[in-house]
Amino acid sequence: MSHKRIPKRKAAIAVGGVVALGAAAILLPNANASQDGASDNAATAPKTLKATDASDLASQLAGLLGDAFAGSYYDGDKQQLVVNVVPGDDNNVIVQAKKAGATVREVDNSMTELAAGKRTLKAEATIPGTSWAVDPRTNKILVTADSTVTGENWDRLESTVRGLGSGMATIKKSEGTFRTFASGGDAIFSGGARCSLGFNVTADDGAPAFLTAGHCAVAADEWSDAQNGGPIATVDQAVFPGEGDFGLVRYDDPATDAPSDVDVGGQTVQITEAAEAAVGQEVFRMGSTTGLADGQVLGLDATVNYPEGTVTGLIQTDVCAEPGDSGGSMFTQDGLAIGLTSGGSGDCTVGGETFFQPVTTALAAVGATLGEGGAGAGADDRTGGEEAGGEDAGAGEGAGTGDQAGEVGGEEAGQDDGAGYGAGQGAEDGAGDEGLTETH
């Protein structure tokens, strides 16, 4: 994010491979325009939709189908919404979903059964270094354990998963260690702590402010836009751990110009509003350490057991992140604010699991608005009709492997954030004026 108090310089972003092409596509106008694939002769053919439109349709179908609804995801290749149903004795639910324009898939596990499985995991396997989320593509709970889960803890986790019954859950081992990151966008500092600004917002009284990660906001009250610089903003509210990882930080100068955009290195993406994530949706992250990266949403309402405590209601993705990226912006090509970087495992070389705080939930909690569209969808309107932030929700897949889409040249300061992790220098401190470059 950019704001008037932080000078902006063009940054040369080194990008690699196919992911570089995807990240650079942000800057192509009118890309991935929404279309309606249904014709007069095929009224029940699946509709071609943008991910955000698919999210709206999923929410509508969740209410329409009731107990038959078993989650949904977005098929990015076909640009279609896939809805899982447990048909039972009433085939009408399938007809209704098809008429609405979704691709319908019959599955065995209902949302009620999957939610019960998540409650069991919470009660019996809340172990630091573990996470779980419902994967609508497999219709199972995906449980992930990082490298610290060994011995009796691993045995306990495996036993709990087995106890859920056949076909209810899968378990995978991550090579990394779950931890919070220090964050994305413009770098912000407080003493020995370093994080990043996520999105500029307007507080409930009309004052300029910004969102960042909660684990950053609980670490220090005052934040600067320069290392060892004077404070420019003060923490107003913060949540971490618990039901989220977000903080609202108010600018000390009420005349601060805080535009609603994301600086991706020499260019900006205008942010129009906040929106819910959809499983399968393409998203982009800007980080002060690793620059611009892209990938897919893999899961919603994920529970993550960090060393500092359990955090619920997060978005799980395969977008890579590293120390220095916490609090940074996750957004879409068409300017929708989706998430704030929280934490995960791995890095932008080997990949790993990465979790984000939903922006809509944070806005609703702090009473702020973002962009021309305000707060966007409410916290209770999570994609696929699941409730936000509760153990009864779940619409997504667990871990993925992220590819690095970019590193920003410049200083690599070794400051630690409030959770004890270092960060690189800000994205705007990169060398050169070339803007996006495709190099390894």
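Structure: see above.
Report follows, based on the coordinates. Everything numeric here is computed off the predicted structure, so don't read it as measured data.

This paragraph deals with the overall build of the chain. Along the backbone of the chain there are seven helices and 26 strands. Burial statistics for the chain: of 440 residues in total, 57% are counted as buried. Of the contacts made within the chain by residues no fewer than 6 positions apart, 68% connect residues no fewer than 24 positions apart. Carbon and sulfur atoms make up 45% of the accessible area of the chain, which totals about 16200 Å².

The next subject is the nonpolar core. Most often, soluble globular proteins have nonpolar side chains that are buried together. Formed by 35 residues in total, the largest nonpolar core has its most connected members in L61, L65, L81, V83, L121, I141 and V143. The element contributing the most residues to this core is helix α2 (residues 51-65), with seven residues. If near-sequence neighbours (up to four positions away) are discounted, L81 is found in contact with L49, A54, L57, A58, L61, S72, Y73, A102 and T103. Listed in part, the 23 residues of the second largest apolar core include L211, V269, I271 and V359.

Before going further, it helps to spend a moment on the pattern of salt bridges. Summed over all chains, the structure comprises seven salt bridges. The shortest N-O distance in the salt bridge between E353 and K172 comes to 3.6 Å. Placement of the pair is E353 in the loop between β23 (336-344) and β24 (354-358) and K172 in strand β7 (residues 169-173), with a sequence separation of 181 residues. Note on K172: relative accessible area 27%, which makes it partly exposed. With a closest N to O distance of 3.5 Å, R285 and D325 form a salt bridge. Of the two residues, R285 sits in strand β19 (residues 282-287) while D325 sits in the loop between β21 (309-317) and β22 (329-331), which places them 40 residues apart along the sequence. Taken together, the salt bridges that share partners define one network made up of D204, D205, D236 and R250.

Moving on: the environment of Q96. Turning to its location among the elements, Q96 is positioned in helix α3 (residues 92-99). Taking the C-alpha atoms as reference, Q96 lies 8.0 Å from L65; in sequence the two are 31 residues apart. If sequence neighbours within four positions are ignored, Q96 has contacts with L64 and L65.

Take the sheet that holds strand β12 (residues 208-212) next. Pairing is antiparallel in the open sheet, where five strands are placed in the order β11-β12-β15-β14-β13. Sheet topology places β11 (199-202) and β13 (222-223) at the edges, where each strand pairs with a single neighbour.

It is worth spelling out a negative patch on the surface at this point. Negative charge collects at one region of the surface, where D221, E222, D252 and D253 lie side by side. In this structure, D252 sits in the loop between β15 (246-251) and β16 (261-263). Assessed through its relative accessible area of 40%, D252 is described here as partly exposed.

Next up on the list: the packing of helix α4 (residues 111-124) against helix α5 (residues 151-163). Packing of α4 against α5 brings their axes to within 10 Å, and their N-to-C directions diverge by 155°. Considering the angle they form, α4 stands roughly antiparallel to α5. The two elements α4 and α5 cross, and the hand of that crossing is right-handed. Taken together, the residues of α5 that come into contact with α4 (itself represented by T120, L121 and E124) are R156, T160 and V161. Residues that form the contact of α4 with α5 fall into these classes: two nonpolar, two polar and two charged.

With an omega of -15°, the peptide bond running from F240 to P241 counts as cis. Tracing the sequence through the fold places P241 in the loop between β14 (233-239) and β15. Residues other than glycine seldom take positive phi values, yet Q79 does so here, at roughly 55°. By the element assignment, Q79 lies in the loop between β2 (69-75) and β3 (80-85). Judged by relative accessible area, Q79 falls into the buried class, the value being 19%.

Let us now look at the sheet that holds β3. What the three strands build is an open sheet, ordered β2-β3-β4; its pairing is mixed. Each having just a single partner strand, β2 and β4 (103-106) make up the two edges of the open sheet. Within the sheet, the average angular offset between the axes of one strand and its neighbour, ignoring direction, is 25°. Looking at chain direction, β2 and β3 are connected through five bridges and run antiparallel.

What follows is about the state of the cysteines. Chemically, a disulfide is nothing more than a covalent bond linking the sulfur atoms of two cysteines. One pass over the structure, following the stated rule, counts two disulfides. Sulfur-sulfur distance for the disulfide between C320 and C348 comes to 2.0 Å. Across the S-S bond of C320 and C348 the torsion is about 90°, and the bridge reads as right-handed. On the criterion of sequence distance, the pair formed by C320 in the loop between β21 and β22 and C348 in the loop between β23 and β24 is long-range, its members being 28 residues apart. Assigned by exposure class, C320 and C348 land together as buried. By sequence order of its bonded cysteines, the chain has the disulfide arrangement 1-2, 3-4.

The rules behind these values
- Residues numbered from 1 in each chain as written.
- Predicted model: local features only at pLDDT ≥ 70, side-chain atom pairs only at ≥ 80, totals over all residues.
- Heavy atoms only, no water.
- Helix = DSSP H or I, 4+ residues; strand = E, 2+ residues; numbered from the N terminus.
- Buried < 20%, exposed > 50% of the residue type's maximum accessible area, 1.4 Å probe, protein only.
- Contact = heavy atoms within 4.5 Å.
- Areas by Shrake-Rupley, 256 points an atom, 1.4 Å probe, with all protein chains shown as cover.
- Core = buried A, V, L, I, M, F, W, Y, C linked by side-chain atoms within 4.5 Å.
- Salt bridge = Lys/Arg side-chain N within 4 Å of Asp/Glu carboxyl O.
- Pairing = 2+ DSSP bridges.
- Patch = residues over 30% accessible without salt bridge, like charges linked within 9 Å, V, L, I, M, F, W, Y side chains within 5 Å.
- Lys, Arg positive; Asp, Glu negative; His and termini not counted.
- Charge placed at Lys NZ, Arg CZ, Asp CG, Glu CD.
- Axes fitted to C-alpha atoms, helices over the stretch in contact; angles between N-to-C directions.
- Parallel < 35°, antiparallel > 145°, perpendicular 65-115°, else oblique.
- Left-handed = near helix turned anticlockwise from the far one by under 90°.
- Nonpolar A, V, L, I, M, F, W, Y, C, P; charged D, E, K, R; others polar.
- Disulfide = S-S within 2.5 Å.

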